[in-house]
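# Coordinates in review
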Amino acid sequence: HTVSGGCEFQPHSHTAFTATAILAGEMWVTIGENDYHLSANEVALTNIGQNHSGHASNVEFVSVSINPAQVEELVTELGLTRTTAEIVFLASVVTDEAINKIARVIANELADERMGHGAMLDALARQLVIQLLRSHMAVRKSARIELSRAGPVDRRLRLALEFMHDNFSRELALDEIASAAYLSEYHFARLFKQITGVTPHAYIANLRMERARKLLSENSFPVSEIAAMVGYQSQSHFTKIFKSVTGLTPRAYREALK
């Protein structure tokens, strides 16, 4: 949940589905190759690995990251498919009053931690995913998709993605990642960019940012320690990258969560 007089987000992607509901103000975004102007009550939807960037003025928004494995579990529970599926958003920007109502309840819950806070947020997240599956996501059977610890992934990249998720906190060379998938460095780099839309090293950077946000929100570790835990030896470099993605420094991000 963010309230800001102005913020900017450099091009990046996430390892999860992301729904961003604009509660007030305006936001200008680029999702994939398309530009959009969002205003209050509109929702931006970004797929796993989809590049996006943007800037906003006098804005309030709620952004929810949804673990792909959780989406896959709910898809199976609802009986939408019996095989591993490819799940994607149908559009990048939608207007959906149900999602906006959920986002406002999330914002209120985050501002006032009452009894059952965690359970309420879990229930709201589940409600959000159900609404997305009902109205804004396509579930397609695909022989190319396998389930991994990273969620549904292309079978040709499954081993490499799992390796990256397990080792992103240290320096990873491209040839080491390619070897995990039993591919040549050249073929792996081309295939990875073709399927995910980002380079392997950009994907690793996004993994590090996702982990850093979780650590900042759930622990009181010093920023320098968190930087090292997610693979950055330089705190200043970590701070620069973090701000380019979130619009806030790590310390400001942590303060905003209080």
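Preceding block: the structure.
An account of the accompanying structure is given in this report. (Residues numbered from 1 in each chain as written. Predicted model: local features only at pLDDT ≥ 70, side-chain atom pairs only at ≥ 80, totals over all residues. Heavy atoms only, no water.)

### Looking at the side chain of Ser92
Along the chain, Ser92 turns up in the loop between β6 (85–89) and β7 (93–95). Among the residues examined, Ser92 registers a relative accessible area of 15% and is labelled buried. Not counting residues within four places of it along the chain, the set of residues in contact with Ser92 comprises Ile31, Tyr36, Val43, Ala44, Leu45 and Gln50. (Helix = DSSP H or I, 4+ residues; strand = E, 2+ residues; numbered from the N terminus. Buried < 20%, exposed > 50% of the residue type's maximum accessible area, 1.4 Å probe, protein only. Contact = heavy atoms within 4.5 Å.)

### Observations regarding the pairing of strand β5 (residues 52–66)
As defined by bridge partners, strand β1 (residues 2–12) adjoins β5 across eight bridges and the pair is classed as antiparallel. Looking at the pairing, His12 lines up with His52 of β5. Here strand β2 (residues 17–31) pairs with β5 via 13 bridges, running antiparallel. For Ala24, the partnering residue across the bridge sits in β5 and is Glu60. (Pairing = 2+ DSSP bridges.)

### Here we look at the pairing of strand β3 (residues 34–39)
Here six bridges tie β2 to β3, and the two strands are oriented antiparallel to one another. Bridging across to β3, Trp28 finds its partner in His37. The antiparallel hairpin formed by β2 and β3 contains two residues in its connecting segment, where Gly32 sits at a positive phi of about 65 degrees.

### Looking at the side chain of Ser4
With respect to the secondary-structure elements, Ser4 resides in strand β1. Among the polar contacts listed, one links the side chain of Ser4 to the backbone oxygen of Gly6, at a separation of 2.9 Å. Leave out the neighbours within four places in its chain, and Ser4 touches Ser57, Asn58 and Val59. (Polar contact = N/O pair within 3.5 Å; in protein donor to acceptor, adjacent residues only side chain to side chain.)

### Quick word on the packing of aromatic side chains
For the coordinates displayed, the defined rule picks out seven aromatic pairs. On the basis of an interplanar angle of 50 degrees and a centroid distance of 5.5 Å, the ring pair of Phe188 and Phe192 is categorised as tilted. With Phe188 and Phe192 both in helix α6 (residues 185–196) and four residues apart, the pair spans about one turn of that helix. Like Phe192, Phe188 is buried. (Phe/Tyr/Trp six-rings, centres within 6.5 Å; stacked < 30°, edge-to-face > 60°.)

### Some details on the environment of Pro222
Take Pro222: it is sitting in the loop between α7 (200–218) and α8 (223–229). Between the alpha carbons of Pro222 and Arg190 there is a distance of 38 Å; along the sequence they are 32 residues apart.

### Brief notes about the packing of helix α1 (residues 68–77) against helix α3 (residues 117–135)
Where α1 meets α3, the closest approach of the two axes is 11 Å, and the angle between their N-to-C directions is 65 degrees. Comparing their axes, α3 and α1 come out roughly perpendicular. The handedness of the crossing between α1 and α3 comes out as right-handed. Within the contact between the two elements, α1 uses Val71, Leu74, Val75 and Glu77 and α3 uses Arg126, Val129, Ile130 and Leu133. Considered class by class, the residues forming the contact of α1 with α3 number six nonpolar, no polar and two charged. (Axes fitted to C-alpha atoms, helices over the stretch in contact; angles between N-to-C directions. Parallel < 35°, antiparallel > 145°, perpendicular 65-115°, else oblique. Left-handed = near helix turned anticlockwise from the far one by under 90°. Nonpolar A, V, L, I, M, F, W, Y, C, P; charged D, E, K, R; others polar.)

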